[in-house]
Amino acid sequence: MKQRLLTSLPQLLAFAVLAAALALAERAPMHFERLMQEDGPAEWATFLAFACAGGIGLGALRSTGGYARLTLLAVCAFCLFVAGEEISWGQRIVGFRPPALFLEHNYQQESNLHNLLKGMLDTRWMVLTVALLYGVIAPYVVYLTRWSAVWAAPLPCLPWFAAVAWLEFAYPYELVGELAELALGLAFLWDVIVRTEGRPERVALAQAVALAGAFLLSPLYDVALSLHSEDLVAHTREELDALAMRMRDGDALRDGLFRKRDVHKRLYTAVKAGYLALEPGEFYLDAWNSPYWFSFERTGEAQGKVVLYSLGPNRKRDLAPDTTSASGDDVRLAFEVDAPARADAR
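Residues numbered from 1 in each chain as written. Predicted model: local features only at pLDDT ≥ 70, side-chain atom pairs only at ≥ 80, totals over all residues. Heavy atoms only, no water.

Q: How would you summarise the overall build of the protein if you had to cite specific residues and measurements?
A: Assigned secondary structure in the protein consists of 14 helices and four strands. Across the 346 residues in the protein, those meeting the buried criterion constitute 47%. A separation of at least 24 residues holds for 64% of the contacts in the protein among residues at least 6 apart in sequence. A total accessible area of about 17,400 Å² is found for the protein, and carbon and sulfur atoms account for 62% of it. (Helix = DSSP H or I, 4+ residues; strand = E, 2+ residues; numbered from the N terminus. Buried < 20%, exposed > 50% of the residue type's maximum accessible area, 1.4 Å probe, protein only. Contact = heavy atoms within 4.5 Å. Areas by Shrake-Rupley, 256 points an atom, 1.4 Å probe, with all protein chains shown as cover.)

Below, the structure is given as structure tokens:
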């Protein structure tokens with residue numbers, strides 16, 4: 001009885017995590033989105049789950065052989081690759097400037113491949129495909145045939161992978177894709193531990209460590225990023241002032257902008273979309289090598305309100321796009337603008 005309970009712990013933890021997250025999304029969407037936002041607890045938990053899965057698998061490679069070793073190596077490589085992609089290979093942690101290829105073609109202007117391929121293959125469908133093929137179809141085929149079990153995730157993981165596929169397909173709430181990615185990471189951690197140790201009772205402990213570690217790392221990360229940031233904030237304010245001066249004068253605004261009720265994009269993306277006439281060769285990165293953001297709201301036939309902002313030292317959005325409050329560490333500048341014809345007539 002005790003052994004059966006220990007073996008069932010991963011399923012119970014999986015159900016508890018999904019049920020709690022979906023209940024939060026239904027009843028308190030703002031709190032759910034805060035947990036799921038970039039560099040938040042969910043992203044750190046996803047990183048830790050995939051990183052731990054890859055690390056545990058690599059440590060066990062010597063004790064495996066044949067096809068089992070080959071499959072384990074492939075699973076480890078996938079997990080470590082996803083872990084690196086999840087944190088953009090340390091870009092937001094270290095603050096390095098990505099190569100021009102990523103700045104120009106990655107819509108998030110980050111050093112990761114999955115967003116670079118966004119126009120061809122959305123991350124949502126990548127996650128759904130992996131969960132469905134590897135975690136649902138393959139185990140079922142192994143169950144029905146004499147294929148070796150090393151080619152698929154363990155059969156007890158099937159409902160967990162199926163839940164990931166359903167979340168991505170149905171997408172019932174905003175940012176639920178981040179929850180699906182976290183669930184996929186926990187599923188692969190489950191898979192690797194069963195492959196390498198054959199002890200499913202340890203899965204729940206490893207998953208709990210990944211989840212708890214995320215809630216510890218997230219605030220520590222924020223504190224570390226906020227150190228020695230005064231000069232960088234001052235530099236960012238100067239750049240925002242220079243950009244605002246051009247927009248107030250009217251020569252940087254396009255007529256198409258005032259045909260929109262509102263626009264909220266990275267500044268570089270707004271330039272590429274034709275809303276602004278700024279230097280096309282510039283990528284508009286702040287002092288932390290994160291993109292500047294542009295928010296526009298039309299307030300009259302030829303008037304509007306602009307908020308230019310940087311995500312600040314912590315590299316994540318603390319406030320709504322149209323907010324000018326002093327809370328959080330976002331660096332913001334709000335001002336009124338006129339349409340180009342009105343600006344020329346002044």
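Q: Report on the state of the cysteines, specifying residues and quantitative values.
A: Joining two cysteines, a disulfide is a covalent bond between their sulfur atoms. Scanning the model with the defined rule gives zero disulfides in all. Cysteine Cys-79 shares no disulfide, and the gap to the nearest cysteine sulfur, in Cys-76, comes to 6.7 Å. Overall, Cys-79 belongs to the buried group, its relative accessible area being 0%. (Disulfide = S-S within 2.5 Å.)

Q: With reference to specific residues and values, describe the packing of aromatic side chains.
A: Taken as a whole, this structure holds 12 aromatic pairs when the rule is applied. Here the aromatic rings of Phe-50 and Phe-188 are separated by 6.1 Å at their centres, their planes lie at 35°, and the arrangement is tilted. With Phe-50 in helix 3 (residues 41-59) and Phe-188 in helix 10 (residues 176-197), this pair connects stretches of sequence that are 138 residues apart. Ring centres of Phe-258 and Phe-296 lie 5.2 Å apart, and the angle between their planes is 75°; on these two criteria the pair is classed as edge-to-face. Placement of the pair is Phe-258 in the loop between helix 12 (230-249) and strand 1 (262-266) and Phe-296 in strand 2 (residues 293-298), with a sequence separation of 38 residues. Note on accessibility: Phe-258 and Phe-296 belong to one class, buried. Cluster of aromatic residues (ring-pair linked, three or more members): Phe-50, Phe-78, Tyr-134, Phe-161 and Phe-188. Here the guanidinium or amino end of Arg-248 rests over the ring plane of Phe-335, the centre of that ring lying 4.8 Å away. In this structure, Arg-332 is placed above the aromatic ring of Tyr-309, and the distance from its NZ or CZ to the ring centre is 4.2 Å. (Phe/Tyr/Trp six-rings, centres within 6.5 Å; stacked < 30°, edge-to-face > 60°. Lys NZ or Arg CZ within 6 Å of the ring centre and 35° of its normal.)

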